[in-house]
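# Structural overview for review
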Amino acid sequence: MLKIAFLLELFFFTDHFLQESAELHITGVYQGKTLFIQNPYDRESMSFCVTSIYVNGTRLGLNYKMSAIKLDFKGIDKFSPLSIKIEHSPGCQPTILNPDAIQFHSTFSFKEVGFADTALVWKTSGEKSGSVFTLEKYQLGIWIEGDTIPAKGEFGGAEYSYSPLLEEGANKLRIRYITPKGDYLLSREVDFHFYPEPVTFKPYNATNTLHLSRTATYEIFDAGGDLILSGQGSKADISSLPSGDYVIYFDGKDPGVFRKD
């Protein structure tokens, strides 16, 4: 009986809690402008309407006991997508005073961004002819520009698949869409954990080329332990090496031995 009473008490507490909160969702693009939210005060409950605000999944440490709340989006790159969730009491409604601050007036949009196997795939709409996509990777606290892919320029929508060079472990990427005028829009950030199969190669007695089992960064050392050749790809051109025995490393590991004839 004690257990049943506890469960009933937990049910009524949970039901009461669910009735005490509501949510308002807004999406947009950060354009360097501050967003203002009107936060009504309820004299009966002696409390303000808004209880929490989340931006891109992170709760903001704001003073919620104010009639006007401002979001300046510190730490978010300009033209990055915004997903804002405002939790508030059910008996009131916060008001976005300047929604245009995060509304990006463009026909272009990213419809989907993600990974399929080890390929980065994305879908778009509203492209302009002559636009490009630049892949960006988050490393050591900054975004580094990588490969550039020409846009198809299809206004009605286009799909893309591209295999970026991934590091073993955690990878964070995003895509920058750039118009011919230099305007740009960023996709959402995509996290991908990559644990590749070890690289193999052939032949072990070679004259001109080593063929790798997959794309990798390689380093070739001579018998004295000196680095004499490095590169990236699915094959290594060793035609310039003198005859002899060598050690090759793939992505800094998986060493193998071959002989140049």
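Before reading further, recall that the structure is shown in the block above.
Just so we're clear, the structure is a prediction, and the values are computed from it rather than from any experiment. (Residues numbered from 1 in each chain as written. Predicted model: local features only at pLDDT ≥ 70, side-chain atom pairs only at ≥ 80, totals over all residues. Heavy atoms only, no water.)

## Some thoughts on the packing of aromatic side chains
Inspection of the entire model under this criterion finds 19 aromatic pairs. Where Phe115 meets Phe192, the ring centres are 4.2 Å apart and the plane angle is 15 degrees; that geometry is what we call stacked. Taken together, the residues span a long stretch of sequence, with Phe115 in strand β10 (residues 109-116) and Phe192 in strand β17 (residues 190-194) at a distance of 77 residues. Residue Phe192 is classed as buried on the basis of its relative accessible area of 17%. For the pair Phe192 and Phe194, a centre-to-centre distance of 6.5 Å together with 25 degrees between the ring planes defines the contact as stacked. When sorted by exposure, Phe192 lands in the same class as Phe194, which is buried. Ring-pair connections join several aromatic residues into one group, and the members of that group are Phe108, Phe110, Trp122, Phe133, Tyr160 and Tyr177. Taking the ring centre of Tyr54 as reference, the NZ or CZ of Lys85 above it sits at 4.6 Å. Above the ring of Tyr184, the side-chain terminus of Arg176 is found at 4.4 Å from the ring centroid. (Phe/Tyr/Trp six-rings, centres within 6.5 Å; stacked < 30°, edge-to-face > 60°. Helix = DSSP H or I, 4+ residues; strand = E, 2+ residues; numbered from the N terminus. Buried < 20%, exposed > 50% of the residue type's maximum accessible area, 1.4 Å probe, protein only. Lys NZ or Arg CZ within 6 Å of the ring centre and 35° of its normal.)

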